[in-house]
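A look at the structure
Read off the chains here:
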Amino acid sequence: MDKPGTTGRVIPALDRAREIKPCPLGAGESCCRVCAMGPCRVTESGKGARVGVCGATPDTIAARNLCRMIAAGTAAHSDHAREVVQTFCAVARGTAPGFELCDREKLSRLAAQLGCGKAEDPAVLAREVGKLFLGEFGRQEGELALAALAPPRRLERWRRLGLVPRGIDREVVESLHRTHMGVDQEALHLLHQGTRTALADGWGGSVIATAVRDVLFGTPRPVRSRVDLGVLKPDCVNIVVHGHEPLLPEVLVRLAADGEMTARARAVGAAGVNIAGMCCTANEILMRHDVPVASHFLQQELAIITGAVELMLVDVQCVMQGLAAVAACYHTRLVTTSEKARIKGARHVEFSPATALDTARELLYAAIDNFPNRRRVDIPPQAVELVTGFGQESIRHALGGRFRGSYRMLNENIINGWIRGVAGVVGCTNPRAASGASHGVLVRELVANDVLVLVTGCAALACARDGLLVPEAADSAGPGLREVCEALGIPPVLHCGSCVDNSRILMMAAEMVRAGGLGEDLSDLPVAGCAPEWMSEKALAVGQYFIGSGISVGLGVYFPGADSKEFAAQVFEGLTQDYGAAWFFEPDPQALARKILAHIEEKRRALGIEGRRERVLYDMKMRRRLDV
Ligand code: NFS
Ligand code: SF4
């Protein structure tokens, strides 16, 4: 068999993961590559060097590596946010004809919240909001204006610890500086900078990206759709939109519904044009337009292998280079659309807000013209129903009722114990873990114990494939959560969007604090986060900003640098002292669920609300019943 990465047989990611042994560095030992006296491989306990050539200790190296990964994750989310804000500003100036300001009510609310004035003209208001948002990236001094969205207690704590981000770009740059050879060499000090950088992502870049996309494309409301490769249609021209930027897909979805495109598709023997999403782009257009989802991260190559994809569009982040080799074996055209990202072997058609309509039309024509080149088509029939569209606003509405739109009712349900707490299950799917299967095990255990689950990113899509995102899934919930879900007609697992939409979870947590009765800081809430199958540096940035915000986070797969006992003591315990939250590591999904449940119960005890309802302990027999 040919080696992965060489010529010959194309092996998709799952096979490659089986064939490539993970490098032990990072998991078993700390590895530093930041200067040419190294790379240095150090360990605290096993055989080998105890410090690097420069004398760097394993905990410093581990903290430095984590800080760099957080900086990369923050950069990815925030550079994406910058792109969206620039388009938003272009729309406000009237130079992006394919777009409009869709949710003007949210725009006015944002402007009022940010003190951007009360201009009647939405374009004027948008220019003001856009200017403030853009300013957050390059701010050099003072505090990120958006940090003020955090509960006052949290903001005070950040101020005391020197953690309030200044500008988004500034924190990323400073993290890279501090982790350069011979600069910041104390693990905790590095971790604090990692947190400040991550907070610039969570309360900065990600909040901005979510808010602006809501104004441009609409604030999500609950809608139904379907997920899995079975959403590809054998008789249609199939286009898969993959990556993270919803700008071009938004225009594409609109144009594809145009009669002209259907007529053109019919002329080549197809029934019409079918668009399906992949990864976070999928989450975006799913939330707003119920566009079906081909699937999560790990299934990107498999979509092409169906032989039914005429065109796959990719922009930035989580796009496997292996797609080019797979596409070359089929008729699929792989097209890169971001100025920032190209793949050898893929065609490049650059997107720009000013010419979005023309680009979308050109791409639709290319897909339709490719339909007659199809060879064998083999689409797995599975496609599962899901309900999506839960954000800060729609959850307030769904849980607060039509007339009392507030988080008070959610808090009441938590206080009286019908809902024990809330868990955010986020992040990727990873062939080194259970390839998406951990999510079902973990989430079933949580909902069976009356924990309301909020999901985003590929974790959300994995849960959707598992049938957990429909109201009927409440059948497998504990008695309290089931009752609440049935009364409100909502699933026990609420889909909150893409990974930048983790900011929605932060905002909901802030609303819960504001609604009262569950403490005064985010760290008081019976809430936890986890990323059981993380693979991307963005997931570490998300985890760190949750922790910096007071919400503990469990990580699966592996924890980088945990081999250093000193570093592990900091990240798993020490941080609690400062943030009221810390990381925990648990690769087994069932055990991860138990840790989350224990954490939630501990928070309930601290709030004095532990005894309202007894927790149901599910034995294997009961669990098997839930799994059907
Ligand atoms: Ni999030 Fe979205 Fe998926 Fe992971 Fe990648 S697509 S930004 S990083 S793999 S969840
Ligand atoms: Fe080695 Fe120190 Fe250079 Fe890192 S900075 S590679 S530990 S010499």
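Sequence positions are assigned chain by chain, starting from 1 and proceeding in written order. Chains and ligands are labelled sequentially in the order written, the chains with letters from A and the ligands with numbers from 1. With the structure being a predicted model, the display of local features is reserved for residues of pLDDT at least 70 and the display and counting of side-chain atom pairs for 80 or more, all residues being used for whole-chain, interface and lining totals. With hydrogens and water excluded, all non-hydrogen atoms of the structure serve as input to the side-chain values.

Let us now look at the UniProt feature "binding site: [4Fe-4S] cluster 1" (unreviewed entry) in the chain. The feature "binding site: [4Fe-4S] cluster 1" (unreviewed entry), as annotated in UniProt, sits at C23 and C31 in this numbering. Residues that both appear in the annotated list above and line the largest pocket are C23 and C31. The numbering of helices and of strands both runs from the N terminus, where a helix is a DSSP run of H or I of at least 4 residues and a strand a run of E of at least 2. Here C23 is to be found in the loop between α1 (13–19) and β1 (30–32). Exposure is judged per residue with a 1.4 Å probe applied to protein chains only, and the accessible area is read against the type maximum: over 50% gives exposed, under 20% gives buried, and values in between give partly exposed. The class of C23 is exposed, set by a relative accessible area of 52%. Looking at where C31 falls in the secondary structure, it is placed in strand β1. UniProt positions are given in the numbering used here, feature names are shortened, and annotations may be inferred rather than shown by experiment. Cavities and pockets are found on a 1 Å grid laid over the protein atoms alone: a cavity is a set of points where a 1.4 Å probe fits but cannot escape, a pocket is an open set with protein on both sides within 12 Å along at least five of seven lines, and a lining residue has an atom within 4 Å of such a point.

Glancing now at the environment of G554. With respect to the helices, strands and loops of the structure, G554 is situated in strand β15 (residues 553–555). Taking the relative accessible area as the measure of exposure, G554 reaches 0% and is therefore buried. Considered as a pair, G554 and G489 are 65 residues apart in the sequence and their alpha carbons are 29 Å apart. In this view, G554 contacts G529, C530, A531, F584 and L592; residues no more than four positions away in its chain are not counted. It only takes one pair of heavy atoms within 4.5 Å for two residues to be counted as in contact.

Next up on the list: the coordination of the nickel atom of ligand 1. Any nitrogen, oxygen or sulfur atom within 2.8 Å of a metal ion counts as a donor, with the limit raised to 3.2 Å for Na, K and Ca, and since water is left out, coordination shells can look unfinished. No other protein atom reaches the nickel atom of ligand 1 as a donor apart from C499 (SG), found 2.1 Å away. Its 4 donor atoms give the nickel atom of ligand 1 angles of 91 to 159° at the centre, a pattern that matches the irregular case. Position of C499 relative to the elements: it lies in the loop between β13 (493–495) and α19 (502–515). Think of it this way: with four donors and all angles in the 85 to 135 degree range, the site is tetrahedral; with four or six donors, opposite ones beyond 155 degrees and the rest between 65 and 115, it is square planar or octahedral; otherwise it is irregular.

The next thing to look at is the UniProt feature "binding site: [4Fe-4S] cluster 2" (unreviewed entry) in the chain. UniProt records the feature "binding site: [4Fe-4S] cluster 2" (unreviewed entry) at C32, C35, C40 and C54, using the numbering of this structure. In summary, the annotated positions, though distributed over 23 residues, converge in three dimensions, the widest C-alpha pair being only 10.6 Å. Considered against the second largest cavity, the annotated residues that line it turn out to be C32, C35, C40 and C54. With respect to the element layout, C32 can be found in strand β1. Among all residues touching C32, those that are not within four sequence positions of it are P39, C40, I61 and R64. Along the chain, C35 falls in the loop between β1 and β2 (40–42). For C35, a relative accessible area of 26% gives the class partly exposed.

Another aspect to go through is the site of ligand 1. Throughout, the term near means that a residue has one or more heavy atoms lying within 4 Å of the molecule or strand in question. Looking at ligand 1, the residues that line it are H244, C279, C280, F297, C318, G427, C428, C458, C499, M535, S536 and K538. Under the scheme applied, nonpolar residues are Ala, Val, Leu, Ile, Met, Phe, Trp, Tyr, Cys and Pro; charged residues are Asp, Glu, Lys and Arg; polar residues are all the others, including Gly. Residues belonging to the shell around ligand 1 are distributed by class as follows: 8 nonpolar, 3 polar and 1 charged. If you count residues domain by domain, the shell around ligand 1 takes at least three from each of domain 2 (223–373) and domain 3 (389–607). As annotated, the domain borders come from an automatic or database domain assignment.

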